[in-house]
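A look at the structure
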Amino acid sequence: MESVRKVYQYAEPNLTVIGWMGFLGYPGYYYIWNHLFPQPYESLPLRIFCALIFGVIALRQFIPAHFQRFLPLYFAFCIPIGLPFFFSYMMFKNGWSEVWVMSFLASILIHVLVVYRTGLLLLQTFVAVSASLLIVYGPNFEVINQHVIWPYVAIFIFTYLFGNLFYLRSQSEHEVRVSLAKSFGAAIAHEMRNPLSALKASLDVLESLLPNKTNSANQNELHAIDSQALDMANEVILQANEAIRSGTETIDLLLTSIDQNRITNARYRKHSMQQVVEEALTSFSYPSRGDNAFVHANLEQDFFFFGSDTLVKYTLYNLLKNAYFHGKRDNFAISIELVSYNGFNQLIVRDNGVGMSSEVSKQIFDDFYTQGKASGHGLGLPFCMRVMQAMGGEIRCRSELNQFTEFTLTFPTYQSSAVNKIKLDMLKNKTVLYIGELNSRFRALDDSEFYLGFNLTHISLNQALKREEFEFECDLIIVDLDHRIANQSLFDRLEQKLSFTQGRIVYLYDKESIYSYDLERSVEFFPIDKVRFISQCSDVIDMLCFESPASCRKLEVGHGYYQGKTLLIADDNHSIRAYTAILMKKYGFSVVEAQNGQEVLDILNQSPIDLVVMDIEMPTMDGLTAAKMMREEDSAFISLPIIGYTGDSSLEMADLIYRAGINDYLIKPANSEDLMRKVVQWL
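Residues numbered from 1 in each chain as written. Predicted model: local features only at pLDDT ≥ 70, side-chain atom pairs only at ≥ 80, totals over all residues. Heavy atoms only, no water.

Going by what an unreviewed UniProt entry lists, the protein chain is known as histidine kinase and is assigned to Vibrio panuliri. What UniProt states about the protein chain under its Catalytic activity (unreviewed entry) heading is, verbatim, "ATP + protein L-histidine = ADP + protein N-phospho-L-histidine." (UniProt positions renumbered as here; feature names shortened; annotations may be inferred.)

Structure representation (C-alpha cells):
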C-alpha cells in the first residue's frame, strides 16, 4: 500500500493526460486496427471497458470526496488492466503479430514510466500477463509453450527489468537530492533558530530589567536611566523582536520552498486579509527611512482567505520591493486595496512608477527572468505565482510604460469549491484520536471520517493511560469527558500524557457533567459542547483543523447553564455573601441569602432550594445546628445537599461537620474554583 500511494502521488501531475489518452485512445485505435489497418482480432467491448476505467482517472476531480481516498488503490488496479493485460491479451489473440508485439513493447515503456516501483511493477505485470495467458490458451502449459514465441519474451523481460532499473535509479537519485536539500534546509533553519532564540531570551531579560516608563517618574531615586534613553532602549527591543519574527518567517519560507519550489499546504489556515496586510506593511523592510509614507492602504473591504499568511506576506514583500526598486520617481505612490464583490476577493497593489512594456510584462512570471536587476535571480515573481496557484487563486499584472504597474491577486472565497478541495486534500493527512466510549459522539465522528477522509483512531480511557507520551502525536485529540473522568486522579494522569503532544486537544463536555467546569487545567484545550459536536461534527472538525479558535485552560460554564437552579448562601459576613452570590449568578443560578441558621430553616420552608452553601460559625443559630435539624428523620430536607464553610481546619471540626450530616465542606479562604467544583459535584 505504501508503494501504491507513492506511485499515485508521483503520477498525479500526469493523471489527467493518462486518463484522457486512455479514454480516447482505446476506442480510437479500434477504428485504426479494424478499418485502416485490419488485424485478425479486435474487441470493441474490451476497448470500451478500458476506456471507461481510464475515464474515471480523467474525471477524478468530480468523484465525491469520501471516495477519493480510494483513488490510489483504483489506479493500482486500473494500470495493469489497461496496459500489460490488454496489450498481452490482444497480442496473444492476434497470434503474436508484429503490430501487437511492438504495441506490447510500447505498453511496457509506458508502464515503466507510470509505475517506477520495481516490486509493484513486476507484481502487476505477472498477474496481468498470467491472467491473459489463461484466458487465451487455458491452463495447459503444452498449449502455451506451442504458441508463445520465447525470443520475444526474452526481449520483453529485458525491457521490463533494465528499463525499470534505469528509471528507478534516476528516481532514487532525484529523491536523494531532494532529501539532501530538505536536510540542508532543516540544518540551516536549526542553526538560524538557535541564535535567534538566544537573542530573544536576552531581549526578554533586558526588557524585564528596564523600568516601566509609566512608573519611572515616581521611581527616579531607583533608576538612573532618563526618559529619552528608556524610549531608545524600548525601541531597540521592539526592532530586535521584529527582526526575530521576520527571521523566523524567512526560515519557514525556506522550508516550504526547498523542494523545488513546491508550496506546502500543511500550515494553511483561515486568515483575515486586512490583518495580514497590516502586519506585512508594519514588518516590511523599507529601502530608507520615510519610504513607508509612499504607501496608501484602503483595507475596508476585508475578507477571509484560506492559505498561509507567511506566504502572502512574502508575496506582498516581493511586490513592494519591486515597486520601490523599479518605479520610484517624483510623486511616487503605492496603493494597496482590498476588493470583495460578487464572489471575488482581490488584493490590488498599484504604483505610479516607470511601468513596463508589454513585452516585459508578458515574461515577468517566467523562471529566471530579470529586468534591470544585476543581482536578481528571477525567482521572486514566479514563486509568487506558485503561491497564489497553490491557494487556488491567481496573480495578474497590468502595466503601461511610464504610467503604472498593477498586480491583482485573486483569492477564492473561503466557502468556495476550490478551498474545499484543498481542505479535503489536507484532511487525508490529518490524524484524529478519540478517547472515550463507543457512543453517539464517536458515531458522529466516524461518519465525518467517511466523508472528510481523515484518519480516525479510537481508544478507551484505560488504553490511553497505558500509552507513552510520544504515542499521542496526532493532529486532533478528542477527549470525551464522561463520568469516568470525574475521577480527578485519572484526569490528571491523562493530561500528563497529553502535555507532550503538539496536536490540538479537544474536550467534549456538557452542562450535566459532574466534574468541575471552572477548574484550571494543566494543558491548553478547545472546549466543544457535546450536543454541538453531534449535530455539527464535520463543521467542528473543519474549524479545529483550519481556523484559529481560542484555546483555554478552564471549562467555563458561561451564563445560563444553571438556569432554574436555586442556591441558598448562608453567612453572617455580608461581603462573603455578596461575592458568592455574584459568582453563582454568573453561571445562571438564582441565589437566596441568609445571615444565620434560623433564617436558613425559614427560607427552606418558604422556597424550593437545590443546594445550601452555609457557614459553620454564625450567630443566633450556627451551621452545625441548622444542618442537624435539616437531617432529622421527619424533615423534608434530609437529602438536600449542604456544603459547609469554615475557618477551622482541624480534624475535630471535620468530624463535627460529618456527624451533622453536611455533605462536603471548604476551608476559608477558598477560591472560586474550589467552590465551583464542590457546587457542580453535588448538583
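More follows now that the structure is in view.
Our next topic: the UniProt feature "transmembrane region" (unreviewed entry) in the protein chain. Under the UniProt annotation, "transmembrane region" (unreviewed entry) lies at residues 12-32, 44-63, 70-92, 98-116, 121-137 and 149-168. Segment residues 70-92 splits into 96% helix and 0% strand. End C-alpha atoms: 32 Å apart. Taken end to end, residues 98-116 is 89% helix and 0% strand, and its first and last C-alpha atoms sit 27 Å apart. (Helix = DSSP H or I, 4+ residues; strand = E, 2+ residues; numbered from the N terminus.)

As summarised here, the arrangement of the 5 strands in space is 15-14-16-17-18, forming an open sheet in which the pairing is parallel. If you trace the sheet from one side to the other, it starts and ends with strand 15 (590-594) and strand 18 (664-667), each paired once. Across the sheet, the axes of successive neighbouring strands diverge by a mean angle of 20°, strand direction being ignored. Inspection of the sheet shows strand 16 (residues 611-615) paired to strand 17 (residues 642-646) by 4 bridges, in the parallel sense. Within strand 17, the residue paired with Val612 across the bridge is Ile642. Together, strand 14 (566-570), strand 15 and strand 17 form the strand contacts of helix 22 (residues 574-586), whose direction differs from that of strand 15 by roughly 170°. (Pairing = 2+ DSSP bridges. Axes fitted to C-alpha atoms, helices over the stretch in contact; angles between N-to-C directions. Contact = heavy atoms within 4.5 Å.)

On to unusual backbone geometry. If you check the backbone angles, Asn402 has positive phi at about 60° while not being a glycine. Phi angles above zero are rare outside glycine, and Thr620 is one such case at about 65°. Considering the arrangement of structural elements, one finds Thr620 in the loop between strand 16 and helix 24 (623-630). Relative accessible area serves as the criterion here: at 73%, Thr620 is assigned to the exposed category. (Buried < 20%, exposed > 50% of the residue type's maximum accessible area, 1.4 Å probe, protein only.)

Let us look at the side chain of Gln124. Along the chain, the position of Gln124 falls in helix 7 (residues 118-137). Apart from residues no more than four positions distant in its own chain, Gln124 is found in contact with Ala76, Ile79, Pro80, Pro84, His111 and Val115.

Attention now goes to the sheet that holds strand 2 (residues 295-298). Strand order in the open sheet made by the 5 strands is 2-4-5-7-6, with mixed pairing throughout. In this open sheet, the two strands that pair with only one neighbour each are strand 2 and strand 6 (394-400). Each strand axis lies, on average, 15° off the axis of its neighbour in the sheet, ignoring direction. Strand direction decides the pairing type here: strand 6 and strand 7 (residues 404-411), joined by 7 bridges, are antiparallel. Note on strand 7: the bridge partner recorded for Glu394 is Thr410. Contacts between helix 15 (residues 380-390) and the sheet are confined to strand 6 and strand 7, with strand 7 contributing the most and set at about 30° to the helix.

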